[in-house]
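So the chains spell out like this:
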Amino acid sequence: MLAADNLRILAMSMVEKANSGHPGGAMGGADFIHILFSEFLNFDPADPRWINRDRFFLDPGHMSPMLYSVLTLTGHYSIDDIKNFRQWGSITPGHPEVDLAHAVENTSGPLGQGHTMAMGAAIAERFLTARFGDMFSHKIYAFISDGGIQEEISQGTGRLAGHLGLNNLIMFYDSNSIQLSTETSAVTTEDTAAKYKAWNWRVMEIDGHDHQQIRSAITQAINEKEKPVLIIGKTVMGKGLVDEAGNSFENKCSTHGQPVTHAGASFKKSVINLGGDPENPFIIFPEVKQLYDGILSQKKAEAERWKKDKALWAAENPEKDAMLHSFYSREIPAIDFASVTQKANDATRSASALLLSHFADKIPNMIVSSADLANSDKTDGFLKKTKAFTKGDFTGAFLHAGVSELTMAAAMNGMALHGGVIPVCATFFVFSDYMKPAVRMAALMELPVKYVWTHDAFRVGEDGPTHQPVEQEAQIRLMEQMKNHHGANSMLVIRPADADETTIAWKMALENISTPTALILSRQNIKSLPAREMTRPQAAIQAEKGAYIVSEPSGKPDIIMVASGSEVATLIEGAALLGEKGIMARVVSAPSEGVFRRQKREYQEEVLTPGIPVFCLTAGLPVTMLGFAGSDGRIWGFDQFGFSAPYQVLDEKFGFTGENVVRQVLSQLGK
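This is a predicted model, so every value here is computed, not measured.

1. Some remarks on the pattern of salt bridges
Then comes step 1: Going through the model one piece at a time under the given rule, you end up with 31 salt bridges.
Then comes step 2: Where E567 meets R495, a salt bridge forms, and the shortest distance between an N and an O atom there is 2.8 Å. With E567 in helix α22 (residues 567-580) and R495 in the loop between β10 (492-494) and α20 (499-511), this residue pair connects regions lying 72 residues apart in the sequence. Taken individually, E567 and R495 each receive the classification buried, so the pair is uniform in this respect.
Then comes step 3: Residue E501 pairs with R536 through a salt bridge whose shortest N-O separation is 3.6 Å. On the criterion of sequence distance, the pair formed by E501 in helix α20 and R536 in helix α21 (residues 536-540) is long-range, its members being 35 residues apart.
Then comes step 4: Overall, E501 belongs to the buried group, its relative accessible area being 1%.
Then comes step 5: Taking the relative accessible area as the measure of exposure, R536 reaches 9% and is therefore buried.
Then comes step 6: Bridged by salt links that share partners, the residues D456, R459, E473, R477, E480, R495, E567 and D651 form one connected network.

2. Quick notes on the sheet that holds strand β15 (residues 614-617)
Then comes step 1: Ordered by their spatial adjacency, 5 strands build an open sheet running β12-β14-β13-β15-β16, and the pairing between neighbours is mixed. Of all the strands in the sheet, the pair left with one neighbour each is β12 (548-551) and β16 (634-636). Sheet twist, expressed as the average angle between the axes of neighbouring strands with direction ignored, equals 30°.
Then comes step 2: Relative to strand β14 (residues 585-589), β12 runs antiparallel, the two being bridged by 3 bridges. Along β14, the bridge assignment pairs Y548 with S589.
Then comes step 3: Across the face of the sheet, α22 comes into contact with β12, β13 (559-563), β14 and β15 while running at roughly 160° to β13.

3. Some details on the pairing of strand β5 (residues 229-234)
The two faces of the sheet receive side chains in turn, since in a regular strand these alternate between them.
Then comes step 1: Judged by how many residues are buried, β5 sits mostly within the fold: 5 of 6 residues are covered.
Then comes step 2: Of the strand pairs in this sheet, strand β3 (residues 169-175) and β5 are connected by 6 bridges, and their pairing is parallel. Looking across to β5, one finds that D174 is bridged to G233.
Then comes step 3: Here 6 bridges tie strand β4 (residues 202-207) to β5, and the two strands are oriented parallel to one another. In the strand pairing of β5, I206 is matched with G233.

Parameters at a glance
- Sequence order as written defines the numbering, with residues in each chain counted from 1.
- Only residues with pLDDT of 70 or above have their local features reported here, since the model is predicted, and side-chain atom pairs are shown and tallied only from 80 upward, although totals for entire chains, interfaces and linings are computed over all residues.
- Hydrogens and water molecules were not included; the side-chain quantities draw on all heavy atoms of the structure.
- Each reported salt bridge corresponds to a side-chain nitrogen of Lys or Arg within 4 Å of a carboxyl oxygen of Asp or Glu.
- Strands here are runs of E lasting at least two residues and helices are runs of H or I lasting at least four, both read from the DSSP assignment and numbered beginning at the N terminus.
- Summary of the burial criterion: residues with accessible area below 20% of their type's maximum are buried, those above 50% are exposed, and those between are partly exposed, where the area comes from a 1.4 Å probe applied to protein chains only.
- Pairing between strands is defined by DSSP: at least two bridges between the two strands are required.
- In this analysis, axes come from line fits to C-alpha atoms, helices being fitted only over the stretch in contact, and the angle between any two N-to-C directions falls in the range 0 to 180 degrees.
- The contact criterion used is simple: two residues touch if any of their non-hydrogen atoms lie within 4.5 Å.

What follows is the structure in structure tokens.
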């Protein structure tokens, strides 16, 4: 109990010094976190990136003081680090940010995503163990709070983990019945245990402060063979807090999200109550330091024993060892993209299917998932070469996520965080709305998840406005403009203009191992673009520059016309008609403005020559092309919801035709 009380003091002190944070929950969860890290969690204190470590995913990021405190006991943080909690330049931010050097496995914040990432990591572990053997098995632990249980994403996680029988996933639910504004009884009366049992989880309910009950529950969870495990620990918000009169100040909503002195408790008397010195609260008790020194020595020795066994395994299995190394180093097998022959005038979703089929044979650590749309988003090109995961069988490489886009996207983040796999997920582009919270987290964590978003515009046609994306591309392309903490574009967004550009788009996606990639693909067939003095596949390679000239007139252009996706083919039609009227038009395909803006100025001006008017066409909001049009250009876009009708009719009604391109350009040029 002394170690847990030490954690409570450190957590409370961090928040008090920062004058900001969430002390109550961190104090309540201290007992479980101490027992888990000291007695059960396998990790190498000298090698935080050890591939066979158990993973710990924190869902409620506001409980970061709890995590930072226990990681101080394990030597991953110094006392000065936690004294600098929530300050500029600190390595202990308000909500944990993935930092393997300091044993932080995931960025957490939006409640619910953390434990869904844990599920994704558990799937990755099962996938890898199925290929390399039980020697590489390990456990995935998740810590979740009342808020995460309430977030809708928890339903998808509970359903899917139970369905797949992820017995390597152990989740502790810190059930203190207190939220930021109210007690949980004000918002829910559900039977959480019954819910998870219905999802095929093993559920245990314990006193979350009783160390023997915690030990017993974790031991049983580790030995579980068939189901994921939920340990419901009843805990006390602000465990150990007292007021100035020495009376208990536990179980108060006020201690959830502010320093305890602001909440009404006494910091000094609470520190004394927990066995500490209020004049020097940032200390590790000598007895606790001695305990953890012994624990860390033991964990180092256990990790070294595993590494020796792994070296023997590697000597006996050199090919598998080389494959294992390539998996974790994010290496991509050599793929001859030039040998890929696409079907002319094909839908880009179908072109993607051809490539995914190729990857199924060539990339052994790719995992593809679809939200119940495999035969529509064409990820079935991959599925036909493998099989879906099922309970007890992870020898395949496809995850049927069901109708749960956010769950799927967050699980992909967990797979990427675990390492060793290349996660790809797909759905209709309009449903990216359900995924954006996880997409943003992937961008923040710099995870190389690949998103395949098909049915990219109103040309979904008869399905109508509920399924016709309009504003989605503008939203996603904002991520190209957002910089991550390394100063790079936080996302790569590519909307290819034909089948051959799709090949290059996938090449770019695979080569991008530092940020997420979005591929925005068409439902309908698209006319293959022309090529200048080369084959179309050769010309399409220029898409790697983000934008390039597809069609150039014989003389100086009167107008530069820019688009991405299927609109480029419409511009080609318009350019031919303009030529008949003596108007010279250059056509530019611009699949990725983010990539284009990274090119040298000379190249950018070669494509968008200064002094020549620019006309842009987009099936999304006009702002999507603003970076190309500039303040003097003209954009024909789409600023309303669509209608249900065949896409050819919609093209005509909305002005996405060569004839309208002519009208708009002539008007722009004053002719």
